[in-house]
Structure formats: C-alpha cells, structure tokens
Amino acid sequence: MQHRVAPFWKKYCTWQTLMALFVVYEMLALCARHYNSFYIDRLWPQIGFPLTIGFAGAVLSRANMRNRPGMRWLIAYFFWYLAVLIINRWYLAHEFTDFRLVLYRLLFVTLVCYPLGNELATRQRTARAVFCTLAGAMAVMAAIGFFCVVFQTHWYAPYRHGAVGLLMERGTGLRLYLFAHPNIAGAALMMTMLLCVYLWLTAKCRVAKVWHGLCFVFHFLALALTMSRAAMQAASAGMALLPFLWVFDRMRASRPRLAWLAGIASAALGAALCFAGLNLVTRGAGNILQMDFLSQREQLGNTSLFSGRPPVWGAALRTLGSYPTLLIKGATLERLMLTVRSQVPDVAGWGWAVHLHNTYLTVLVGMGLPAFLLLLGFLWRLAQSSLRLILRAGASFGQRFLPAILLGSLLVGMMEPFFFTGQYFVDRLFFIVAGIIVVIAGGKNEEAIQ
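Because the structure is predicted, anything quoted here is derived from the model rather than measured.

A. Just the overall build of the protein, in detail. Each helix and strand in the protein was counted, giving 21 helices and three strands. Counting all 450 residues of the protein, 54% fall into the buried class. Restricting the contact set of the protein to residue pairs at least 6 apart, pairs at least 24 apart contribute 74%. Looking at the protein as shown, the accessible area adds up to about 20,400 Å², and 65% of this sits on carbon and sulfur atoms.

Next up, the structure:
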C-alpha cells in the first residue's frame, strides 16, 4: 500500500507559520511608521486589527494554548485592561481611534506574540527565520546610522517624520537617531544585539557566524552612539550572562559553590568591560569627528543616570495618593499623562515629560493595581523559567543565553515605558522570546530550537 506524500506547501502553510509571517510584517511595518501615516490610517485598522483578532481567537479556542505556562496570566491581563477601558467609558471619548489602537497593541503582544513564541520553540527553522529577519533589519538600520555618522550627513524620511544621523537633543547633546528617539532606538538595538549573540552561538555554518558577528558589530557601534545609558547598561548586563555561563559550566561539576562565586565575578567583569567598550566607541567617535559627546552632556548638566526622572515618578505617585480610585480603575494608557499633569500642575511645565519614564509605574497608574499584580505574577513565572533554563544541563549554550534579552529589557523598563503595553517594536520581541523560554525551560519537547 502506497502512502501519499503531503504537498510541499502543506508542510509550511500552517497557521503557526502564517502567524509568524504576520508578526514579522507588523513589527517591521511599525518600525517604518515614521515614513508617513500609512501605518495608522491603513495597515493596522484594515489588515493588522482583523488578523490579530483572528489569531487571538485561534489561540483562545485551543485548550493546549490556553493552558501553557504564563498564558492565563496574560489572558487575565488583557481582559482586565479591556474592563478598565469600559469602566472609563472609552467608547464615548473623542479619541476613540487612539484607544482602539492601544487595545490592539496590547492584544497583539499578549495573545499573538507570546503564543507565537511558544510555537517557535519547537520550530527551529521558522524561529531562526524570524530572528534573522528582525536582527538583520536592525543591523542594516545600524549600518546606515553609522554611515551617516562617519560622513556627517542625515537621511530624512518623507515628510520629515524621522531622520537617521547625529542630531542635537536639548538637554543631552548630539545623539544618533534611527528614525526614532535615541532611547527607543537604543532599547531596540540592545535587544537585537543580544539576539545576534544568540544567533551566532547557535549558527551551524561559518558564513552564518560571520554574518551574525558583523551584525553584532554594527549594533554595538550604533548603540554606543545613541548615548542611551539605560540601554547601554542593560546590554552590558545581558552580555554578562555569557562569561557567567562559560565559567559556571566548567566548574559546576567539581566545585559547585565556587562555580557560583566565580561565575558572578566573571559576569561583573564582563558587564564592566562591555560598558567600557561602549563608552570607548563614544569617545573614539567624538575624537574622530572632533565632537566630545560626553562633555556636551556634562555642559548641559545631564550627567545623572536618572536624568530628571525622579520628579516624574514622584508626580505619578502623588497622583495615586490624591486619587486612590485610580488603583482600581486606572487612568487608561491613552490618558495617563493627561491625568498626571492635571493633578500635579508642576509637571505641565516639563515639555519632555511625555510619559512616566518607567514601565512598571505606567502599568500601575494606567491599568490599575490588578493589572500590576497580574504582570508581577507573569514576570515571576518567567523568572522561574529563565533561571531553570540557565541552569539546565541539557540545553544548548545558545538557548541558555536567551534570558539575557529579558534581563536587559526589564532593566530598560525601569527607565522607559517601552514594555507590557505593546507600544514599541521591543515589546513584541520581548513576548516572543518569553514564549520561547518558558517552553524550552519546561523541557517537554526534545525538538526545541537549538
């Protein structure tokens, strides 16, 4: 009896592959939003929103997806924010479209990106294709930025919605823009730079290793020139996992206690060297271009890591103290700063305070205490999975490095509101990596990505 061979297209044309293609398309389209208003006016309402609802519905309809680790926390997290919007009568607001866009972004990261990460954990080729596309796109952008710095030129997007090159920023001096604010670009470069390390560790051919190494170099150079100190320190903390794993693996069998001490010491040294290297690039570029980036920051009086953020954080906390009901109903993410400015008038004079500069405060004030607790529950589960993966002897070295991306993201989240609301490219990548980690850490599938 002859067995019928399935057509080639059926092997790859699955709903998981289609979801991966859609997520990559949406992430890259979001990065290109500065070119014009096409993303806001056409892409997300006519294509992105319907597809996101469809994929989220497919996830919710499958018991094996709903019951995966961390999934219930995110389902509750999303539906609680939907309740927050209803309580605040978002459907009667004049900025109705803006509210729908925020809700779409949150639905996209919680019920599409995270489940996709779960699926990619057992689909090696698809996972590498997704990661190579995202890291490669950011590497090309970083290379263009470095070209603009060397030749002291600028590339402007149509309608001047964004630019690539060194631009003067009030309060911090010259910084590298990549069609977005340097802090946003820095966070994205930090994550994809660490992703390049993972891809290099897991590459099986020399050509791929050379390519990922080259991508890493351009990421490193561009990250240093953004002068985003939070992203630079987060990248250094993520890179610290590399020497820790190398030293720990060689000593864990013979001297387990000493392995921890030696691993932590090597991690601290690795982080210091990485951060020093980033600062060295900044100083070197300044000497070559005859521009002292660091002294410009000092002359502007902006030398603190917090850069004036504590007053903004204090304003958010005072707002909660004045209106404790916000702990239940939230201010909504769209009206967050309007609420803070109205209750703490002195914030209104700070033109740069367009957000709270802290992911966790953003969730607490904008979504309420229940959402904050749900997020903590999810992050606790994610921390357990990450630690289990780092210490798992059966996992590959590359797999065990993946938590470095999450570590760097959580550190950046202390200074910027880039995570857990679906607003930026980095939030999407965070949830994809998180979904992969929880599956690999479970160790239930031997075909997990290497």
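B. Spotlight on the confidence of the model for the protein. For the protein, mean pLDDT is 84; residues scoring 70 or higher make up 84% of the total. Across the protein, helix α20 (residues 403-412) holds the top mean pLDDT of 96, while helix α13 (residues 293-299) sits lowest at 54.

C. The side chain of Ser228, seen in detail. Note that Ser228 resides in the loop between α9 (206-226) and α10 (229-239). Side-chain polar atoms of Ser228 contact the side chain of Asn183, separated by 3.3 Å. Once residues within four sequence positions are removed from consideration, Ser228 is found in contact with Arg175, Pro182, Asn183 and Gly186.

D. Here's a closer look at the sheet that holds strand β3 (residues 173-178). Taking strand neighbours across the sheet as the criterion, the three strands line up as β1-β2-β3 in an open arrangement whose pairing is antiparallel. With partners counted over all chains shown, the strands left at the sheet margins are β1 (155-156) and β3, one partner each. Pairing geometry for strand β2 (residues 163-169) and β3, over six bridges, is antiparallel. Across the sheet, the residue bridging to Gly165 is Tyr177, located in β3.

E. Geometry of the packing of helix α14 (residues 309-322) against helix α17 (residues 359-367). The N-to-C vectors of α14 and α17 enclose an angle of 25 degrees; their axes lie 11 Å apart at closest approach. Accordingly, the angle class assigned to the pair α14 and α17 is roughly parallel. Taken as a pair, α14 and α17 cross one another with a handedness that is left-handed. Residue-level inspection shows Trp313, Ala316, Leu317 and Leu320 of α14 in contact with α17, the latter providing Leu361, Leu364 and Val365.

F. Molecular detail of the environment of Gly443. Mapping Gly443 onto the fold places it in the segment after α21 (425-442). A C-alpha to C-alpha distance of 9.0 Å links Gly443 and Arg392, two positions 51 residues apart in sequence.

G. Broad picture of the pattern of salt bridges. Within this structure, the stated rule accounts for six salt bridges. Taking the shortest distance from any N to any O, the salt bridge between Glu416 and Arg309 comes out at 2.5 Å. Of this pair, Glu416 sits in the loop between α20 and α21 while Arg309 sits in helix α14, placing them 107 residues apart in sequence. Within this structure, Arg68, Glu119 and Arg123 form a network of salt bridges that share partners.

H. Structural context of helix α5 (residues 71-87). Between its first and last C-alpha atoms α5 spans 24 Å; for 17 residues at 1.5 Å apiece the expected length is 24 Å, and the two agree. Following α5 by one or two positions, Arg89 has its phi on the positive side, about 55 degrees.

I. Main features of the nonpolar core. Core analysis: the largest hydrophobic core is formed by 147 residues, its most contacted members being Phe131 and Phe420. The dominant element in this core, judged by the number of residues it contributes, is helix α6 (residues 96-120), at 15 residues. Discounting residues that sit within four places of it in the chain, Phe131 has contacts with Leu195, Tyr198, Leu199, Leu429, Ile432, Val433 and Ile436.

J. Spatial organisation of the packing of aromatic side chains. A full pass over the atoms with the stated rule returns 22 aromatic pairs. Between Phe244 and Trp260, the aromatic rings sit 5.8 Å apart at their centres with planes inclined by 50 degrees, giving tilted as the arrangement. One end of the pair, Phe244, is in helix α11 (residues 241-251); the other, Trp260, is in helix α12 (residues 256-289), with 16 residues separating them in the sequence. Residue Trp260 is classed as partly exposed on the basis of its relative accessible area of 37%. Ring plane angle 65 degrees and centroid distance 5.1 Å describe the contact between Phe248 and Trp260, whose orientation is recorded as edge-to-face. Here the residue Phe248 occupies a position in helix α11, and Trp260 occupies one in helix α12, the gap between them amounting to twelve residues. It is Lys209 that lies over the ring of Trp200; its NZ or CZ is 4.1 Å from the centre.

K. Main features of the packing of α14 against helix α16 (residues 336-343). Taken N-terminus to C-terminus, the directions of α14 and α16 make an angle of 80 degrees; their axes are 9 Å apart at the nearest point. When the axis of α14 is compared with that of α16, the two are roughly perpendicular. Seen from α14, the contacting residues are Ala315, Ala316 and Thr319; seen from α16, they are Thr339, Val340 and Gln343. Grouping the amino acids of the contact of α14 with α16 by side-chain chemistry returns three nonpolar, three polar and no charged.

L. Layout of unusual backbone geometry. Backbone geometry at Arg89 places phi at a positive 55 degrees, although glycine is not the residue there. As for its placement among the helices and strands, Arg89 is situated in the loop between α5 and α6.

M. Local environment of the side chain of Asn358. Position of Asn358 relative to the elements: it lies in the loop between α16 and α17. Engagement of the side chain of Asn358 in a polar contact is seen with the backbone nitrogen of Leu361, the distance being 2.8 Å.

N. Quick peek at α14. An ideal rise of 1.5 Å per residue puts 20 Å on 14 residues; α14 measures up with 20 Å between its terminal C-alpha atoms. Taken together, the buried positions of α14 are Arg309, Val312, Trp313, Gly314, Ala315, Ala316, Thr319 and Leu320. Against the buried residues of α14 lie α8 (182-202), α15 (326-329), α16 and α17.

Quick notes on the rules
Residues numbered from 1 in each chain as written. Predicted model: local features only at pLDDT ≥ 70, side-chain atom pairs only at ≥ 80, totals over all residues. Heavy atoms only, no water. Helix = DSSP H or I, 4+ residues; strand = E, 2+ residues; numbered from the N terminus. Buried < 20%, exposed > 50% of the residue type's maximum accessible area, 1.4 Å probe, protein only. Contact = heavy atoms within 4.5 Å. Areas by Shrake-Rupley, 256 points an atom, 1.4 Å probe, with all protein chains shown as cover. pLDDT = per-residue confidence, 0-100. Polar contact = N/O pair within 3.5 Å; in protein donor to acceptor, adjacent residues only side chain to side chain. Pairing = 2+ DSSP bridges. Axes fitted to C-alpha atoms, helices over the stretch in contact; angles between N-to-C directions. Parallel < 35°, antiparallel > 145°, perpendicular 65-115°, else oblique. Left-handed = near helix turned anticlockwise from the far one by under 90°. Salt bridge = Lys/Arg side-chain N within 4 Å of Asp/Glu carboxyl O. Expected span 1.5 Å × (residues − 1). Core = buried A, V, L, I, M, F, W, Y, C linked by side-chain atoms within 4.5 Å. Phe/Tyr/Trp six-rings, centres within 6.5 Å; stacked < 30°, edge-to-face > 60°. Lys NZ or Arg CZ within 6 Å of the ring centre and 35° of its normal. Nonpolar A, V, L, I, M, F, W, Y, C, P; charged D, E, K, R; others polar.

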